Amino acid sequence: MPMLDALFENGFLSRIDFYFAKFIAEISGDDPDIALAAALAGRAAGEKHLCLSLESISGKRFFDKKTGRVIAACPEVSAWRETLLSSPVAGVPGDFRPLVLDSENRLYLFRNWRRERDIADFVLTRAGEGFDGPDSRALEAAMENIFPPGALPDDEQKKACALAASSGFCVISGGPGTGKTFVAAGIMALFLALCPKKEPVIRLCAPTGKAAARLGESVKRAREKLPLPNEIRSAIPDRAVTLHRLLRPIRGTSRFHHNEKNPLEADLIVADEASMMDAAMAARLFRAAPPGARLVLMGDKDQLASVEAGSVMADICGAASLSGHIAVLKKSYRFSKKSGVAALCGALGRGDTDQALSCMEDPAMKGVSFEEVGARPALFSKLSDLISRGDFFSFLSGDSRDPEAALARLDRLKILCASRKGPFGVLEVNRFAQRALARRGLADMSGEFYPGRPVMVLRNDYDLGLFNGDTGIILKSREPGAKGLGAFFPAPGGGVREISPFALPGHETVYAMTAHKSQGSEFDHVVLVLPDRDLPVLTRELLYTAATRAMKSVSIWGTPGILRAALSRKTRRFSGLGKRLEGRDSVVKI
C-alpha cells in the first residue's frame, strides 16, 4: 500500500508497525483508513501507550519530508469508528479481534486491551467489600500487641499497616527514606498475627534483581528493629526474588508457569518498586495471585513510569475511588529537614525550576550542586576531574578476596544519563570513562574483560539466573586453580556468586547508566548528566527519579535552560485504566 510505504520511508512507522499494518490491510480489503488506524495503534504501543485515542489524532495529517505533500490524513472520529467496526479486524470490548475500539474511542491492540481489563478487574475485585478481612476488634488488638508505643515511628506507618491488613489490595507510596520497607515488615508481622493458617506463605518480589536484593536486605534490618514476638520475627521472610523468578518463565516462550490456571502458592504478596511494573507484567502477576491472597504494591508514584507500555501504579494512585486503598508516606527518615538532597528532590518532584536551582546554588544546602555543562569539552573536563578522584573508583583494584566489598564500592558513585545515545548519552560517557581510566593506569583494558570492569546485563538468561538490569563486577576468579577472571553478581539469598565472563548474556560496561536503568538502585553519590539539547525523554519524572537514587549527594551537570525544559514536561501515557477504575479522562499525566 503506497500510503504505508510512504509513512515508513518518512520515519513515521517502525518496521514492525509497518508490517503489522500491511497484514491488517490485507485481511481488511486494503482499506486505507483501517490500515492507518492499525499503523498508528502499533506506533502508540511502541511509544509505551496502552491505547491510541482517535479523538486526539483525528484530522492529523502526515507530510512527506522531502516534497511536503500529504501522504496520510486521519478521518473524522465518527466516520473512522464506523469504518473500523464494520471491518473484520476491529471489534468492541469482548470481541476477539486484532484491534479493540471502546466506547470512548480508544483503540487498542488486543493484547493491551486484555491486560488493562485484567488489571482493572483484579484491583476492583480485591479492593471490593467482599474481601474476607479481620474484624475491627481483632485488628485493633493485633495492632496493640504487635506495635506497642514507639514500635513504628509515626501514625502514617501504622495506618499503612492497618490498611494492608484489612484489604485484599493496597498501595503504599512514598519518596526516598519514608520507610516503605519498614512498613512492609510491619505488614507481614500484622498479617502473621491475624492469619488463621498455621504456616501462611508470604512472597516478596520486585521487578529487578537489584531491587529484590535491596528489599530483602531492608526487610531483614526492619525485622530485627521491630519489637516482635520471636515466633513472628522468625516467620517474616527476608528473601525477595524478581517478578520473573516468582512467576517462573517457560523457556523459549513469553509465557510463565504461574497464571490464572496455575496460581502461585501465596497468602500475601508484597511487590516493591511497583512504578517499574509495566502493564504486561502487572497483568501476569495479578492473574497468578490465588483467590483470597492479599497483594501489596509499594513504590513511589512520582517516579518514572515503566520502561514498557503502561503507567499502572500512577493510574491506580490517581483513581479517587481507590483512595481508601492507598497509603502515602510523606515523612522522610533518611534526610534531615535541612538536607539539600531532600530539598532538591522535593523541588524536582514539584517541577519548581527556580527552587531547584536556588537549592543547588545555596552553600547552606549540603550535598547538592549544579555545574553548568553545555558542550562536550566541558563535559569531558568534568568527567576527567571526577575520575581523578580515585577513591570513587576503588573497585578497579580488582581484588577478588572480598567481592562483596567490591560490589558495595561499585555503588558509591554512579553517573546517570537521560539517554543511551548521543554525545551526552551512556555509551559515549562510558567510552570516555574507560579511556580516561586507562590513561591513569586505573584500568587494564588490553582485553574485553579486565579486573574492576563494572557490567550490566542487558538480556534475561533464565539458565544463569541473570536478568536485564542486574549489575556485577569482573574480578580475579576465586575458583580453585583458576588463573583467569570471574564475573561476580549478588546472589539471590545473600552473598555473591561467580560466573564465567564468557558465559554472560548480552551486557555492557556500566560506569554510567540511564536514569531508567537506575530504578530500584541506591548510590551514595549521583551525578546526573543532562544533554546539550532538549529531548522528549527529558521529563520531571526522569530528574526526580535520578535524584532520589542518591543517599548522600546529587550533582546535576547541564544548563539552566535544559533543566527548565525538562521540569516543565510531565510524562504522558494514554490509557483507559484510570477510566475503568473510577471514570475519568483517559490521558494519564504522571
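The protein chain carries the name RecBCD enzyme subunit RecD in an unreviewed UniProt entry, which gives uncultured Desulfobacteraceae bacterium as its organism.

### What to know about the side chain of Asp 118
For Asp 118, the location among the structural elements is in helix H6 (residues 110-126). Of the polar contacts made by the side chain of Asp 118, one reaches the side chain of Arg 287; its length is 2.7 Å.

### Concerning the sheet that holds strand S6 (residues 106-109)
Taken together, the four strands give an open sheet; going across it, the order is S1-S6-S5-S4, and neighbouring strands pair in mixed fashion. Since the sheet does not close on itself, it has two edges, and those belong to strand S1 (52-53) and strand S4 (90-91), each with one partner. Its contacts with the sheet place helix H3 (residues 32-46) against S1, strand S5 (99-101) and S6, and it is angled at close to 75 degrees to S6.

### So, the nonpolar core
Within the largest apolar cluster, 43 residues are counted, with the highest numbers of intra-cluster contacts made by Ile 172, Ile 187, Leu 190, Ile 236, Leu 268 and Val 296. Of the residues forming this core, the biggest block, 10 residues, is contributed by helix H9 (residues 180-194). Discounting residues that sit within four places of it in the chain, Ile 172 has contacts with Ala 160, Lys 180, Val 183, Ile 187, Val 296, Leu 297, Met 298, Gly 299, Met 313, Ala 327 and Leu 329. If you look at the next biggest cluster of nonpolar residues, it comprises 40 residues, including Leu 50, Val 241, Leu 322 and Leu 581.

### Examining the sheet that holds strand S16 (residues 471-476)
Taking strand neighbours across the sheet as the criterion, the five strands line up as S18-S17-S16-S15-S19 in an open arrangement whose pairing is antiparallel. Strand pairing shows two members of the sheet lacking a second neighbour, strand S18 (496-499) and strand S19 (507-509), which therefore form its edges. If you compare each strand with its neighbour and ignore which way they point, the axes differ by 35 degrees on average. Relative to S19, strand S15 (residues 454-457) runs antiparallel, the two sharing three bridges. When the sheet's bridge partners are listed, Met 456 is paired in S19 with Glu 508.

### Some thoughts on the packing of H3 against helix H5 (residues 77-85)
Think of two packed helices as two axes; the pair is described by the angle between the axes and how far apart they sit. The geometry of H3 relative to H5 is characterised by a closest axis approach of 9 Å and an angle of 95 degrees between their N-to-C directions. With respect to their mutual orientation, H3 and H5 come out roughly perpendicular. Here Asp 33, Ile 34, Leu 36, Ala 37 and Leu 40 of H3 come into contact with H5, specifically with Trp 80, Thr 83 and Leu 84. Tallied by class, residues from the contact of H3 with H5 come to six nonpolar, one polar and one charged.

### A closer look at the UniProt feature "domain: UvrD-like helicase C-terminal" (unreviewed entry) in the protein chain
The sites that UniProt annotates as "domain: UvrD-like helicase C-terminal" (unreviewed entry) are residues 510-554. Between the end C-alpha atoms of residues 510-554 there is a gap of 18 Å, over a span that is 18% helix and 33% strand.

### So, the packing of aromatic side chains
A complete count under the given rule lists 10 aromatic pairs for this structure. Judged by centre distance (5.3 Å) and plane angle (85 degrees), the ring pair of Phe 449 and Phe 502 falls under edge-to-face. Taken together, the residues Phe 449 in the loop between helix H19 (426-439) and S15 and Phe 502 in the loop between S18 and S19 connect sequence positions 53 residues apart. Overall, Phe 449 belongs to the buried group, its relative accessible area being 11%. By relative accessible area, which is 71% here, Phe 502 ends up exposed. For the cation-ring pair, Lys 60 lies above Phe 62, with the distance from its terminal atom to the ring centre recorded as 5.1 Å. The side chain of Lys 65 reaches across the aromatic face of Phe 12, ending 5.3 Å from its centre.

So, how was this worked out
Residues numbered from 1 in each chain as written. Predicted model: local features only at pLDDT ≥ 70, side-chain atom pairs only at ≥ 80, totals over all residues. Heavy atoms only, no water. Helix = DSSP H or I, 4+ residues; strand = E, 2+ residues; numbered from the N terminus. Polar contact = N/O pair within 3.5 Å; in protein donor to acceptor, adjacent residues only side chain to side chain. Pairing = 2+ DSSP bridges. Contact = heavy atoms within 4.5 Å. Axes fitted to C-alpha atoms, helices over the stretch in contact; angles between N-to-C directions. Core = buried A, V, L, I, M, F, W, Y, C linked by side-chain atoms within 4.5 Å. Buried < 20%, exposed > 50% of the residue type's maximum accessible area, 1.4 Å probe, protein only. Parallel < 35°, antiparallel > 145°, perpendicular 65-115°, else oblique. Nonpolar A, V, L, I, M, F, W, Y, C, P; charged D, E, K, R; others polar. UniProt positions renumbered as here; feature names shortened; annotations may be inferred. Phe/Tyr/Trp six-rings, centres within 6.5 Å; stacked < 30°, edge-to-face > 60°. Lys NZ or Arg CZ within 6 Å of the ring centre and 35° of its normal.

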